[in-house]
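Take a look at the letters that make up each chain.
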Amino acid sequence: AIEPKQRLFEALGRVCAPETVLASNTSSLSVSALAAASGRPDRVIGIHFFNPPAALRLVEVITSTSTSPETVEAALLPVETVLSMVGASATIKG
């Protein structure tokens, strides 16, 4: 159910600094719905690490139509850090 996470993103949107990127680790919930609930749709993104990361070395980064390029760039920094920790590098597609 997406409703609990929507409530969480709504609360985070109220209390976090405006520049804060809000990310969800899900690949099955709508990033667009979470973005809308947050009140800051341009700062919401989905990041899904496939497990185990050392073996699969695959991360899905999910945007909504409102996700800003700056949010994507900010989200990719920790993704690249984690991948480098397991001996992988980031390949960005689409």
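To be clear, the structure that these remarks concern was listed above.
What counts and how
- Within every chain, residues take consecutive numbers counted from 1 along the sequence as written.
- Given that this is a predicted model, residues contribute local features only at a pLDDT of at least 70 and side-chain atom pairs are listed and counted only at 80 or more, while totals for whole chains, interfaces and linings are drawn from all residues.
- In computing side-chain values, all of the structure's heavy atoms are included and hydrogens and water are not.
- Under the scheme used here, helices are H or I runs from DSSP no shorter than 4 residues and strands are E runs no shorter than 2 residues, and both carry numbers assigned from the N terminus.
- The globule rule used here is 2.2 Å times the number of residues to the 0.38 power, and the radius of gyration it is set against is calculated over C-alpha atoms.
- Buried, partly exposed and exposed residues are distinguished by accessible area as a fraction of the type maximum, computed with a 1.4 Å probe on protein chains only: under 20%, between the cut-offs, and over 50%, respectively.
- In this analysis, two residues are considered to be in contact whenever any of their non-hydrogen atoms come within 4.5 Å of each other.
- Note that accessible areas follow from Shrake-Rupley with a 1.4 Å probe, and for residues the cover is restricted to the protein chains shown.
- When charges are counted, Lys and Arg contribute as positive and Asp and Glu as negative, whereas His and the chain ends are disregarded.
- For charged residues, the charge sits on one atom: NZ in Lys, CZ in Arg, CG in Asp, CD in Glu.
- Throughout, nonpolar core names a set of buried Ala, Val, Leu, Ile, Met, Phe, Trp, Tyr and Cys residues whose side chains join them through atoms within 4.5 Å.
- Think of a salt bridge as a Lys or Arg side-chain nitrogen and an Asp or Glu carboxyl oxygen that are within 4 Å of each other.
- By the convention used here, strands pair only if DSSP detects at least 2 bridges between them.

(A) Main features of the overall build of the protein chain. For the protein chain, the helix and strand inventory stands at 4 helices and 3 strands. On C-alpha atoms alone, the protein chain measures out to a radius of gyration of 13 Å, which is about the 12 Å that the 2.2 N^0.38 rule sets for 94 residues. Across its three principal axes, the protein chain shows a C-alpha extent of roughly 35 × 30 × 25 Å. A burial count over the protein chain gives 29% of its 94 residues as buried. When contacts within the protein chain are restricted to residue pairs at least 6 apart in sequence, those whose partners lie at least 24 apart make up 47%. Working note: accessible area of the protein chain is about 5700 Å², and carbon and sulfur atoms make up 57% of it. Taking the average location of the 7 positive side-chain charges in the protein chain and that of its 8 negative ones, the two points are 6 Å from each other.

(B) Structural view of the nonpolar core. Of all hydrophobic cores here, the largest spans 7 residues; its members are Ile2, Phe9, Leu22, Val31, Leu34, Ala35 and Val44. Not counting the four nearest positions on each side in its chain, alanine 35 is found in contact with Arg40, Pro41, Val44 and Ser64. The next biggest cluster of nonpolar side chains, apart from the first, holds 6 residues, and it includes Ile45, Val59, Ala75 and Val79.

(C) Expanded view of the pattern of salt bridges. Considering all chains together, one arrives at 1 salt bridge under this definition. Where glutamate 10 meets arginine 14, a salt bridge forms, and the shortest distance between an N and an O atom there is 3.6 Å. Separated by 4 residues within a single helix, glutamate 10 and arginine 14 lie in helix 1 (residues 3-15), roughly one turn from each other. Overall, arginine 14 belongs to the exposed group, its relative accessible area being 60%.

(D) Region of the structure containing the environment of alanine 55. With respect to the element layout, alanine 55 can be found in helix 3 (residues 53-56). You can call alanine 55 exposed: its relative accessible area is 57%. A sequence separation of 33 residues divides alanine 55 from leucine 22, and the C-alpha atoms of the two residues are 27 Å apart.

(E) Broad picture of the pairing of strand 2 (residues 44-49). Buried residues dominate strand 2, accounting for 5 of its 6 residues. In the sheet, strand 1 (residues 22-24) pairs with strand 2 via 3 bridges, with the strands oriented parallel. Note that in strand 2 the partner of serine 24 across the bridge is glycine 46. In this structure, strand 2 lies alongside strand 3 (residues 59-62), joined through 4 bridges in antiparallel fashion. Bridge pairing in strand 3 links glycine 46 to isoleucine 62.

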